[in-house]
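Residues per chain, in single letters:
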Amino acid sequence: AQKVTQAQTEISVVEKEDVTLDCVYETRDTTYYLFWYKQPPSGELVFLIRRNSFDEQNEISGRYSWNFQKSTSSFNFTITASQVVDSAVYFCALSEARQNQGAQKLVFGQGTRLTINP
Amino acid sequence: KAGVTQTPRYLIKTRGQQVTLSCSPISGHRSVSWYQQTPGQGLQFLFEYFSETQRNKGNFPGRFSGRQFSNSRSEMNVSTLELGDSALYLCASSPTGRNSPLHFGNGTRLTVT
């Protein structure tokens, strides 16, 4: 069965610090997708990144970067020079490819509540 | 482009009643998924619809059902409500499903008393 573990329930840092959110996943599939979503207090989940299992290149987008390591089944997310606006709950999620069926089912981690203090 | 719209935002129901939640996807998106979010269980997949057909279903009892209309709008229904059904219900849309990023609505917060 698929499983996503975000061991850090809550993280609190001071503004401008760097912070890394951990994500470890389990799957028997050889083809799968990993996602990160951000949930601000308003409730909607905001898509941040998608990575497929064949692409282990790290990615950087502004202050955000992601480290995908298949060998350790991890997909960690780092925010550099954090800002108060980064405060939110962050979710890591896993999806099977299921190309034949086409349907998508995300398995989410429990989320990490990130608080950036001024 | 308008985002995913869910109505109503808040609902209060009594045990045993039934409830219908509505979701309008982003224009052009044909896949609609529903998720339940609770403090204890986190985010759990309910079902996914594409072109009025349910393609995938999560591990929820038969009291939870849904449908999708020809304009891609979707509804989910929960019958015989239980206290444990209190949750934030999130709808998400994508062009085809197929592991493309999901666009989520603000959710409907259901409270069962």
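Use the structure listed above.
One pass over the full model with this rule turns up 19 aromatic pairs over all chains. When the centroid spacing of 6.3 Å and the interplanar angle of 45° are considered together, the rings of tyrosine 25 of chain A and phenylalanine 68 of chain A count as tilted. Here phenylalanine 68 of chain A lies in strand 8 (residues 64-69) and tyrosine 25 of chain A lies in strand 4 (residues 24-26), a separation of 43 residues in the sequence. Residue classification places tyrosine 25 of chain A among the buried positions, given a relative accessible area of 3%. An aromatic cluster is present here, built from Phe35, Tyr37, Phe47, Phe91 and Phe108 of chain A together with Tyr35, Phe45 and Phe104 of chain B joined pairwise through their rings.

With that settled, the discussion passes to the pattern of salt bridges. Counting across every chain of the model gives 8 salt bridges over all chains. One salt bridge connects aspartate 86 of chain A with arginine 63 of chain A, and the closest N-O pair in it is separated by 2.8 Å. Of this pair, aspartate 86 of chain A sits in the loop between strand 9 (74-79) and strand 10 (88-96) while arginine 63 of chain A sits in the loop between strand 7 (59-61) and strand 8, and the two are 23 residues apart along the sequence. Taking the shortest distance from any N to any O, the salt bridge between glutamate 75 of chain B and arginine 67 of chain B comes out at 3.3 Å. Among the ionic contacts, a cluster of salt bridges with common partners joins Arg51, Asp55 and Glu59 of chain A.

Glancing now at the environment of valine 46 of chain A. All names here are of chain A. Considering the arrangement of structural elements, one finds valine 46 in strand 6 (residues 46-52). In sequence terms valine 46 and phenylalanine 77 are 31 residues apart; their C-alpha atoms lie 15 Å from each other. Sequence-distant contacts of valine 46, defined by excluding residues within four places in its chain, comprise Trp36, Tyr37, Lys38 and Pro40.

In terms of nonpolar packing, the biggest core is built from 24 residues, with Trp36, Phe75, Phe77 and Tyr90 of chain A touching the most fellow members. Contributing elements (two or more residues each) for this core: strand 2 (10-14), strand 3 (19-21), strand 5 (32-39), strand 8, strand 9, strand 10 and strand 12 (112-117) of chain A. Considering each element in turn, this core owes the most residues, 4 residues, to strand 10 of chain A. Membership of the second largest hydrophobic core comes to 21 residues, among which are Leu11, Tyr49, Val78 and Ala87 of chain B.

Counting from both sides, the interface comprises 24 residues of chain A and, opposite them, 24 residues of chain B. Surface buried jointly by chain A and chain B totals about 2,000 Å² across both partners, of which 47% is contributed by carbon and sulfur atoms. A per-residue breakdown of the area chain A buries against chain B is headed by Leu45, Gln104 and Lys105 of chain A, which together make up 27% of the total. Here chain A and chain B share 0 salt bridges between them.

Attention now moves to the pairing of strand 11 (residues 108-112) of chain B. Residues and elements named next belong to chain B. Side chains of strand 11 alternate between two faces, with Thr108, Leu110 and Val112 buried and Arg109 and Thr111 left unburied. Both strand 2 (residues 10-13) and strand 11 contribute to a ladder of 4 bridges, which runs parallel. Directly across from isoleucine 12, in strand 11, lies its bridge partner threonine 111. With 3 bridges joining them, strand 9 (residues 87-94) and strand 11 adopt antiparallel strand pairing. In the strand pairing of strand 11, leucine 88 is matched with arginine 109.

All names here are of chain B. The 4 strands lie next to each other as 1-3-8-7, forming an open sheet whose pairing is antiparallel. The open sheet has two free edges, formed respectively by strand 1 (5-7) and strand 7 (64-68), since each of these has just one partner strand. Going from strand to strand, the sheet's axes swing by 20° on average, the running direction of each strand aside. Bridge analysis of strand 1 against strand 3 (residues 19-24) gives 3 bridges, and the strand direction is antiparallel. In the sheet register, threonine 7 faces strand 3, and the bridge partner there is serine 22.

What counts and what doesn't
Residues numbered from 1 in each chain as written. Chains lettered and ligands numbered in written order. Predicted model: local features only at pLDDT ≥ 70, side-chain atom pairs only at ≥ 80, totals over all residues. Heavy atoms only, no water. Phe/Tyr/Trp six-rings, centres within 6.5 Å; stacked < 30°, edge-to-face > 60°. Helix = DSSP H or I, 4+ residues; strand = E, 2+ residues; numbered from the N terminus. Buried < 20%, exposed > 50% of the residue type's maximum accessible area, 1.4 Å probe, protein only. Salt bridge = Lys/Arg side-chain N within 4 Å of Asp/Glu carboxyl O. Contact = heavy atoms within 4.5 Å. Core = buried A, V, L, I, M, F, W, Y, C linked by side-chain atoms within 4.5 Å. Buried area = accessible area lost by both parts, 1.4 Å probe. Pairing = 2+ DSSP bridges. Axes fitted to C-alpha atoms, helices over the stretch in contact; angles between N-to-C directions.

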